[in-house]
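# Coordinates in review
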Amino acid sequence: MFGLNGKDKNHGHLRVIDGALGARDAHTVSGILAGTPVASATGWRSVEGLTVGDRVMTFDQGLQEVTEVRHQPLWTGEGPCPADFWPLQVQSGVIGNAHCTRLMPGQAVMIESDRAEAVYGDPFVVVPARALDGVYGVERLHPDPGPMVVILRFADEQIVFGRGGVMFLCPSSRDILEQAGRGTDYDVLTVDEARDLMDPMASGAVYAGAEPAFGTIA
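Moving on, we get to the overall build of the protein. Per the secondary structure count, the protein includes three helices and 16 strands. Here the protein holds 218 residues, and the buried ones make up 46% of them. In the protein, 63% of the contacts between residues at least 6 apart in sequence involve partners at least 24 apart. For the protein, the accessible area works out to roughly 10,200 Å², and carbon and sulfur atoms hold 52% of it.

The next subject is the pattern of salt bridges. By the definition in use, this model includes four salt bridges. Here glutamate 68 and arginine 70 are joined by a salt bridge, their closest N and O atoms 2.5 Å apart. Given the relative accessible area of 21%, glutamate 68 is considered partly exposed. For arginine 140, the salt bridge identified is with aspartate 133, shortest N-O distance 3.0 Å. Assessed through its relative accessible area of 26%, aspartate 133 is described here as partly exposed. Through salt bridges with shared partners, a single ionic network connects Glu68, Arg70 and Arg153.

Now for the confidence of the model for the protein. The predicted model of the protein averages 79 in pLDDT, with 73% of residues at 70 or higher. Per-residue pLDDT, averaged within each element of the protein, yields its smallest value for strand E1 (residues 14-17) (37) and its largest for strand E6 (residues 55-58) (98). Note on residues 1-26: pLDDT is under 50 here. Beyond four places in sequence and across chains, it has 81 contacts. Scored below 50 in pLDDT, residues 200-212 makes 25 contacts in the model with residues more than four places away or belonging to other chains.

Time to look at the pairing of strand E15 (residues 158-161). Each regular strand carries side chains that alternate between the two faces of the sheet. Across four bridges, E15 lies against strand E16 (residues 167-170) in antiparallel orientation. In the strand pairing of E16, valine 160 is matched with phenylalanine 168. The turn linking E15 back onto E16 is made up of five residues, and glycine 164 within it adopts a positive phi angle of 95°.

Further remarks concern the nonpolar core. If you look at the biggest cluster of nonpolar residues, it comprises 33 residues, and the most contacted ones within it are Val90, Ile95, Leu103, Val109, Leu132, Leu152 and Val160. Those residues within four positions of valine 109 in sequence are excluded, and the remaining contacts are Ile95, Leu103, Val125, Val126, Val127, Val166, Met167 and Phe168.

Calculation notes
Residues numbered from 1 in each chain as written. Predicted model: local features only at pLDDT ≥ 70, side-chain atom pairs only at ≥ 80, totals over all residues. Heavy atoms only, no water. Helix = DSSP H or I, 4+ residues; strand = E, 2+ residues; numbered from the N terminus. Buried < 20%, exposed > 50% of the residue type's maximum accessible area, 1.4 Å probe, protein only. Contact = heavy atoms within 4.5 Å. Areas by Shrake-Rupley, 256 points an atom, 1.4 Å probe, with all protein chains shown as cover. Salt bridge = Lys/Arg side-chain N within 4 Å of Asp/Glu carboxyl O. pLDDT = per-residue confidence, 0-100. Pairing = 2+ DSSP bridges. Core = buried A, V, L, I, M, F, W, Y, C linked by side-chain atoms within 4.5 Å.

This is the structure:
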C-alpha cells in the first residue's frame, strides 16, 4: 500500500525461544488480547467469542468472514514472562483511541496521520505497536496470569475495528503462494519509519491529555 511491502510478516505467529529462556519457552508475537471488543455483523463482540464464519467489519472490504481463529497463551515459559513480551498500555488519544487500550508489542495497527500523508501520500499507515513504546506515556504492562491472545484470519489480510477506534491488522489464512500477486497485503512500517512520523519531542515525554503521538503537521 505504501511501497514497503513485506517488512513485517509475523502477524499471528508463535515464536519458540532457545538459549537462556529455555528451548520450550514460547510467546505470542502478535494478536488481539482476549476481552477486546471487535466490530462484527451483530455488533461489538469480544474477540475470543468470534468463530469461523462470523462476519467482522473491515476497513477496506466491509463485512468479511473469519476463516480461522487461534487462541494462544501470551507466554508458555516456565519462568516469569520477560518484559520484552509484555503488552503495551496505550493511553486514550495516542493513536486515535477513545479509551485506554492494551496492545501486543508485535501487533500491527493502522493509524491516521497528516505526517504520513505528506511522506507516503496516504494519511493511513500501518505501524508495529512496539514503535509506541515510551511515547506519551505508553509503557509495558506486566500481564495478568494466563492472558490469552486471539489471532483472527481472513481470506485476505484485513484491518478490523476494535471498540474505541483501534484498528488491528489481521493476517490472511492463505499460504504464501496463494497470496502472491493478489495485491491485498498491507505494508507495515518498520519501527524506525513509524517513529519518524511521530513528534520529535514525543519519545520519553510524559503524556498529558489527548494529544496524539501521530499528529498533524504544524
